[in-house]
Amino acid sequence: QDLNEDYFSFAGILIFHVIGLMNQTKYIPLLANLLLRDEDLLVEAVSDTLIKFQSKEVIQAVVPYLEDPDCLVFGTSILGNSKIPEAEAELEKLLSTIEDYDDKGLAIEGICIQLSDKQYPEMDAYLMDGGSDLLVDIDVLAYGYYTLMSKEHPQLKNWKKNALQLQDESLQIPVEESEKIKVG
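Nothing here was measured: the structure is a model prediction, and the numbers come from that model.

**Digging into the environment of I84**
Inference 1: Among the structural elements, I84 can be located in the loop between α5 (72–81) and α6 (85–97).
Inference 2: Along the sequence, I84 and S55 sit 29 residues apart, while their C-alpha atoms lie 7.2 Å from each other.
Inference 3: Beyond its immediate sequence surroundings of up to four residues, I84 is in contact with Q54, S55, K56, I59 and Q114.

Next comes the structure, spelled out in structure tokens:
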């Protein structure tokens, strides 16, 4: 019923989690098609479900949607978190075709999550650029990748410092003046 509506209900979104739990692979094409929807909560649930399958059928279903810039964020996340050779190969192909800096960052992130070093020179050049990427935190990505891959890098300490600072900032909870308790 929700497929015909403008927005999915919470019950409709919950169904996708059930599909993943029950390993209902017959719904992979339907789920991939939902990547086109402009509902972040829905597309996030769909992505989580597709990642659970860890199959080449998912990769084959998702790849055509990567041509749509609106599907690139979740599509590259699905490929990056699908730990199968087909996903890594598709990320490598995607990386070779992307021109936009931020979109390239999504493909790089996916390859880093795969813990692949097949595209190392291009990834290193991208990570060394240190430019401002709106979609991917370069310092966190670079620090995590180089640390997990046990690769030395002259920027590693800098990336670590920036990543930890970002983590500290995200853990701070701002309290408005009116909510502070005054003692005395």
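**Thoughts on the side chain of S55**
Inference 1: With respect to the secondary-structure elements, S55 resides in the loop between α3 (40–53) and α4 (56–62).
Inference 2: On the basis of relative accessibility, which here comes to 11%, the residue S55 falls in the buried class.
Inference 3: With near-sequence residues (within four places) excluded, S55 lies in contact with I28 and I84.

**A few points about the environment of V58**
Inference 1: Residue position: V58 is located in helix α4.
Inference 2: Along the sequence, V58 and N23 sit 35 residues apart, while their C-alpha atoms lie 12 Å from each other.
Inference 3: If sequence neighbours within four positions are ignored, V58 has contacts with I28, L50, F53 and I78.

**Notes on the packing of aromatic side chains**
Inference 1: In this structure the tally under the stated criterion is four aromatic pairs.
Inference 2: A ring pair is formed by Y145 and Y146, whose centres lie 5.6 Å apart and whose planes are at 90 degrees; its orientation type is edge-to-face. Comparing Y145 with Y146 shows no difference in burial state: the two are buried.
Inference 3: Feature note: the residues Y120, Y145, Y146 and W159 constitute an aromatic cluster, connected by ring pairs.
Inference 4: For the cation-ring pair, K151 lies above Y120, with the distance from its terminal atom to the ring centre recorded as 4.4 Å.

**Overview of α6**
In an α-helix, one turn spans 3.6 residues; hence positions three or four apart end up facing the same way.
Inference 1: The end-to-end C-alpha distance of α6 is 19 Å, a good match for the 18 Å that 13 residues give at a rise of 1.5 Å each.
Inference 2: Turning to α6, its buried residues are A87, E88, E90, L91, E92, L94 and L95.
Inference 3: Looking at the buried residues of α6, the elements they touch are α4, α5, α7 (101–113) and α8 (120–129).

**Digging into the packing of α6 against α7**
Inference 1: Relative to each other, α6 and α7 sit at 155 degrees, their axes nearing to 9 Å. Compared by their axis directions, α6 and α7 come out roughly antiparallel. Remark: the crossing between α6 and α7 carries left-handed chirality. Taking contact as the criterion, the partners of L91, E92, L94 and L95 in α6 are, on α7, K104, A107, I108, G110 and I111.
Inference 2: The residue makeup of the contact of α6 with α7, split by class, is six nonpolar, one polar and two charged.

**Describing the nonpolar core**
Nonpolar side chains in soluble globular proteins tend to be buried together.
Inference 1: Counting residues in hydrophobic clusters, the biggest one holds 26 residues, and the most contacted among them are I108, L127 and Y146.
Inference 2: Counting only elements with at least two residues in this core, the list comes to α5, α6, α7, α8, α9 (138–148) and α10 (156–171).
Inference 3: Residue contacts for I108: discarding those within four places in its chain leaves L95, E122, M123, Y126, L127 and L141.
Inference 4: Counting residues in each nonpolar core, the second largest holds 22 residues, with I13, A45, I51 and V58 among its members.

Each value, and the rule that gives it
- Residues numbered from 1 in each chain as written.
- Predicted model: local features only at pLDDT ≥ 70, side-chain atom pairs only at ≥ 80, totals over all residues.
- Heavy atoms only, no water.
- Helix = DSSP H or I, 4+ residues; strand = E, 2+ residues; numbered from the N terminus.
- Contact = heavy atoms within 4.5 Å.
- Buried < 20%, exposed > 50% of the residue type's maximum accessible area, 1.4 Å probe, protein only.
- Phe/Tyr/Trp six-rings, centres within 6.5 Å; stacked < 30°, edge-to-face > 60°.
- Lys NZ or Arg CZ within 6 Å of the ring centre and 35° of its normal.
- Expected span 1.5 Å × (residues − 1).
- Axes fitted to C-alpha atoms, helices over the stretch in contact; angles between N-to-C directions.
- Parallel < 35°, antiparallel > 145°, perpendicular 65-115°, else oblique.
- Left-handed = near helix turned anticlockwise from the far one by under 90°.
- Nonpolar A, V, L, I, M, F, W, Y, C, P; charged D, E, K, R; others polar.
- Core = buried A, V, L, I, M, F, W, Y, C linked by side-chain atoms within 4.5 Å.

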